Every structure is written in structure tokens, then in C-alpha cells.
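Architecture at a glance
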Amino acid sequence: MDETIYRGLNGVNVDTSQICFIDGDKGELIYRGYDIRELTEASYEEVVHLLWNGDLPTRAELEALRAEAQEDVVLPDGVVDLLRCMPAGAGPMHALRTAVSALAAFDPNPDGVDHENVRRIGTALLARMPVLVGTLQRLREGKEPVVPNPDLSIAGNFLYTLTGEEPSEAATKVMDVALVLHAEHGSNASTFVARSTASTLTDVYSAITAGIASLKGPLHGGANTGVMNALEEIGSVENVERYVLDTLAKPNGRIMGFGHRVYKVRDPRANILEHVAERLARESGESKWFEMSLEMERVMDREMAKKGREVKPNVDFFSASVYRMLGFPADMYTPIFAVARISGWMAHLFEQYADNRLVRPRLVYEGPRGKTFAPVDQRA
Ligand code: CMC
């Protein structure tokens, strides 16, 4: 029996995929043949079509996707009621995970895993996830939910349901870029979890709920909230160095928003988001978060070089200051990530259900052997 152990499944290929290619040494991220740097020109809907269908849409295909998504954009009343029942202090990722799971109960056919049904549920989730997150935030602020506007794009409707105000073109474009950059990333932890869950031929809602649960962790999507919590704790550029040194001095001390399992150079998404953050900082006059981020990278580069390491900013690092400058509270950043990643998760579920094999790795047993059973009263 092969007892080779790949901790964290590092370097293990579990299947083939047509969706995403990452060159971690060069810092390249490719969705179905297109470099991510070019796709920031596209709307999120175009990228969804690309991920789900293999290529960018024609105008007619794009309109068809938009129309399809609009059909299911309104949340069932029962799910809104459920969100209303959440205690005021409930973490938004707990609320989102619960609400997505609850959507299954309102679906007439939640369990069918044929392509048509999976696609129908995926399109409904694509439309509803932003509305869920927007509604959640409105209720947390003690405000009434906003009915989505069918004339707005997914990015636009997300901002609209969050704020209740028609978003500017500039804010919608920034949101579109953020959604595109976070849409897909190969066999990351939450996508692997979603695929593994689907590999039992359970339903889409269960697989996506599991994906959301995985994304929430601070080593994955939860890192963007972690970055902003750290920046808020630090408070000023002068305090950055002390914070980094103190954190690195702790056992297993991690600076959120740095490092990646696959990228050995700067994450290409971080490069794009740095430019967005820089522009927003200039335009808004609120440059503090961006300046602190640059200082953090400077100190990390220096400290990691002392250990002969390169631990570079990842996608979550500059997205934190971008979301801050768009006015979102820190604990909403990971739900925003989930809103974007639904497209990638669904693309992978289409692949998984179409050619399924149960995901079932092994563990090398190192526990005791050969023990003898004794009845409970005879145990020492
Ligand atoms: N801060 C300080 N040291 C770090 C960091 C960091 N953020 N990331 C990696 N290292 C060091 C780590 O201490 C280890 O050193 P040593 O071998 O001396 O113990 C070395 O680099 C390798 O780290 P690792 O944890 O074995 O690498 P991994 O591939 O298992 O971890 C990671 C990848 C993302 C979990 C890790 O870099 C990390 O904890 N980063 C902070 C959390 C974060 O930003 N996560 C977002 C990831 S990207 C987007 C997403 O998935 O959401």
C-alpha cells in the first residue's frame, strides 16, 4: 500500500479541468484561455458566460444570460424572514451560509443533478447571492431590504441592494472588476470542497453551502476581513512595522493577505487591485489604507528576505482597502468574495456532475493496533 503523504494535498492532481490555469511561478491566471488582465475589461456577466460555456458571449448570448438571471433574482419571502430572525450580532458568513442552504427548501427540484437542473439552480444562485448579501447588510443596519432593479447589472444590483441608492458608473465598474478577479481560481479549498461534496451526487445547494463554509476560513476568503481588521488595529503607517514584527514573532504568526499555496510571485490579482486601490485613494483623498498596505508589503519583503523566503500579497490584500473605500464594513468582505465565487463554484459543479467520480482519499493510520476489548466496569 502506498503510504506517501501529501499534507494539505499539496501538489496532488485529482482530475482534469477545462476551466482555469494558474502558473504560480510566472504569476499568471487564465480563465478558459484568457489572461485575467484582459478580462478586467469585461463585465462579470461576460466572465460568467465564459466560465460556464467555454467562451465569451455574443451580444445575444449575453442578453439571454442577463434575462435568465433576472427571472430568479427576487428572494423567497421565507428566506428574507429567516434573515430577519438572525440575531443582530450574527456573523454575515454564518447568515449567508444558512440562507443559501435554506434556499433548497424553497426550490421545487433541489436534488436533480442533471445538467439542466444544475444550470437552473446555478443561474438562480448567481442572481440571488448578491441580493442575499445586500439584504443581509440592510437588515443589519436596521433598514428594509431593497427590491433589485432588473435594469441593473449583477455588480450594479449588488451595490443597489446594499445601499438602496442607484450606484455610479465608476463604483459599478470597480465592483465588476472585483467580481471578475474573484470569480474563479482552480482547485482552491472551497472549490475542492464543493466538488468533493457534489461527488457524492448530493445537490447543488449542499455543495455550495459547503463551499461557503470553506471560504469563510481566515486562511482562505476570510483573509480579506482579516486584512482590514489588522489595518484598523494598526491605525497608522508609523505603527505598521511594529505590528508586522510582533505578529511574525508569535508562534505561527501570519500576516493576513500574504502568501499563497500556488503563487511563488505576486498574485496577478493583487497587481490589478493595487492599481484600483491607488486610484480610489487618489480620487477619494482617503489614502491611509493604501499607504499602510504599501508599508506592510515593504516590511514583509524585508522580513521574509531575512528567512530566504518570498511571501507576497495575494488577492485579499488590496481588495480590503478597495472595499473599504467603496464603503463596506470589514465583515462583509468575505460575503462579497462568495458573491463572486459562485460563478467559479458552479462552473466546477457542471464539470463534476458531468463526469463524476466519488472523491475519497485515504489517511495513513498511525494509531494503536491489537488492543483487547474489556467491558466498561473492567476498565482501569
Ligand atoms: N505570514 C507570515 N508567514 C507566512 C505567511 C503569512 N501570511 N504565509 C506563509 N508564510 C510562511 C509560513 O510561516 C511558512 O514558514 P515556515 O515554513 O518557516 O513555517 C511558509 O511561509 C510556508 O507557509 P505554509 O503555510 O506552509 O504555506 P501554505 O501553502 O500551506 O499556505 C496560506 C498558504 C495562504 C495558507 C498562507 O500563505 C497563509 O496563511 N496566508 C495568510 C492567509 C491568507 O492571506 N489567505 C488568503 C490566501 S489567497 C486567497 C484565498 O484563497 O482566499
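Starting from 1, residues in each chain are numbered consecutively following that chain's sequence as written. Reporting in this predicted model follows two pLDDT cut-offs: at least 70 for local features of residues, and 80 or more for side-chain atom pairs to be given and counted; totals over whole chains, interfaces and linings ignore these cut-offs and use all residues. Neither water nor hydrogens contribute to the side-chain values; these are computed over all heavy atoms in the structure.

Some points on the overall build of the protein
Put simply, the rule is: Numbering of helices and strands starts at the N terminus; helices are DSSP runs of H or I of at least 4 residues and strands are runs of E of at least 2. Here the radius of gyration uses the C-alpha set of atoms, whereas the globule reference equals 2.2 Å times the residue count to the power 0.38. Contact between two residues is taken to exist if any of their heavy atoms lie within 4.5 Å; hydrogens are not considered.
A count of helical and extended segments in the protein gives 16 helices and 3 strands. Here the C-alpha radius of gyration of the protein, 22 Å, is about what a compact globule of 380 residues would show, namely 21 Å. Judged by the C-alpha coordinates and their principal axes, the protein covers about 70 × 55 × 45 Å. Long-range contacts, defined here as pairs at least 24 residues apart, represent 76% of the contacts in the protein between residues at least 6 apart.

A short note on the domain arrangement of the protein
Worth spelling out the cut-off: These domain boundaries are the output of an automatic or database domain assignment. Two parts placed together each lose some accessible area under a 1.4 Å probe, and the buried area is that loss summed for both. Only one rule defines a salt bridge in this text: a Lys or Arg side-chain nitrogen within 4 Å of an Asp or Glu carboxyl oxygen.
Under the domain assignment used here, the protein contains domain 1 (20–217 + 333–354) and domain 2 (223–325). A separation of 26 Å is found between the C-alpha centroids of domain 1 and domain 2. Between domain 1 and domain 2, a total of about 1800 Å² is buried, with carbon and sulfur atoms accounting for 68% of that surface. Sorting the residues of domain 1 by area buried against domain 2 places V174, L181 and Y333 first, and these three jointly supply 34% of that buried surface. Taken together, the connections running from domain 1 to domain 2 amount to 0 salt bridges.

A short note on the environment of S196
Put simply, the test is: Each residue is assigned to one of three classes by its accessible area relative to the maximum for its type, calculated with a 1.4 Å probe on protein chains only: buried under 20%, partly exposed between the two thresholds, exposed over 50%.
The residue S196 is located in helix 9 (residues 189–198) in this model. Here S196 falls in the buried class, since its relative accessible area comes to 17%. C-alpha of S196 to C-alpha of A105: the two residues are 91 residues apart in sequence and 22 Å apart in space.

Focus: the side chain of S190
Test applied: Nitrogen and oxygen atoms within 3.5 Å of one another constitute a polar contact, given that in protein one can donate a hydrogen and the other can accept it, and given that sequence-neighbouring residues count only through two side-chain atoms.
For S190, the location among the structural elements is in helix 9. At 2.9 Å, the side chain of S190 forms a polar contact with the side chain of N188. Not counting the four nearest positions on each side in its chain, S190 is found in contact with G211, S214, L215, H220, R341 and W345.

Concerning a nonpolar patch on the surface
Condition: Like-charged residues are merged into a patch within 9 Å and nonpolar side chains (Val, Leu, Ile, Met, Phe, Trp, Tyr) within 5 Å, provided each residue has over 30% relative accessible area and no salt bridge. Per-residue and other accessible areas follow the Shrake-Rupley method at a 1.4 Å probe size, with only the shown protein chains counted as cover for residues.
Taken together, Y6, L9, V12 and V14 make up a surface patch of nonpolar side chains, about 340 Å² in accessible area. In this structure, L9 sits in the segment before strand 1 (20–23).

A closer look at the packing of aromatic side chains
Rule in force here: Note on aromatic pairs: the rings of Phe, Tyr and Trp (six-membered ring only in Trp) are paired at centre separations within 6.5 Å, and the planes decide the class, stacked below 30 degrees, edge-to-face beyond 60, tilted for the rest. Ring-over charges, as used throughout, are those where CZ of Arg or NZ of Lys falls within 6 Å of the ring centre and within 35 degrees of the ring normal.
For the structure shown, the criterion picks out 6 aromatic pairs. Consider the rings of Y323 and F328, whose centres lie 6.1 Å apart with planes at 50 degrees: the pair is tilted. According to the relative accessible area criterion, Y323 is buried, its value standing at 1%. For the pair Y323 and Y333, a centre-to-centre distance of 5.3 Å together with 65 degrees between the ring planes defines the contact as edge-to-face. In this pair, Y323 sits in helix 15 (residues 315–326) while Y333 sits in helix 16 (residues 333–354), placing the two residues 10 residues apart along the sequence. Across from the ring centre of W289, 4.8 Å away, lies the NZ or CZ of K288, which sits over that ring.

Looking at the environment of Y333
For Y333, a relative accessible area of 0% translates into the label buried. Along the chain, Y333 and L162 lie 171 residues apart, while their C-alpha atoms are 13 Å from each other. Setting aside residues up to four positions removed in sequence, Y333 forms contacts with N224, T225, M228, A320, Y323, R324 and F328. Within the structure, the side chain of Y333 is placed 3.5 Å from the backbone oxygen of F328, a separation counted as a polar contact.

Details of the site of the ligand
What counts here: Each residue is tested against the molecule or strand, and it is near if at least one of its non-hydrogen atoms lies within 4 Å. Charged residues are taken to be Asp, Glu, Lys and Arg, nonpolar residues to be Ala, Val, Leu, Ile, Met, Phe, Trp, Tyr, Cys and Pro, and polar residues to be all remaining types, Gly included.
Taken together, 22 residues lie around the ligand, and H220, R254, I255, R261 and R309 are the ones closest in. Between a nitrogen atom of the ligand and a main-chain N or O atom of I255, the distance comes to 2.7 Å. A total of 920 Å² of accessible area belongs to the ligand in isolation, and the protein chains cover 72% of it. A class-by-class count of the residues in the shell around the ligand yields 11 nonpolar, 7 polar and 4 charged.

Re the pattern of salt bridges
For the structure on display, the rule yields 23 salt bridges. Of the charged contacts in the structure, one is a salt bridge between E45 and R66, with a shortest N-O distance of 3.9 Å. With E45 in helix 2 (residues 44–53) and R66 in helix 3 (residues 59–71), this pair connects stretches of sequence that are 21 residues apart. In this structure R66 comes out as partly exposed when scored by relative accessible area, which is 26%. Residue R298 is joined to E241 by a salt bridge in which the shortest nitrogen-to-oxygen separation is 4.0 Å. Pair noted here: R298 is in helix 14 (residues 288–306) and E241 is in helix 12 (residues 240–249), with a separation of 57 residues, a long-range link.

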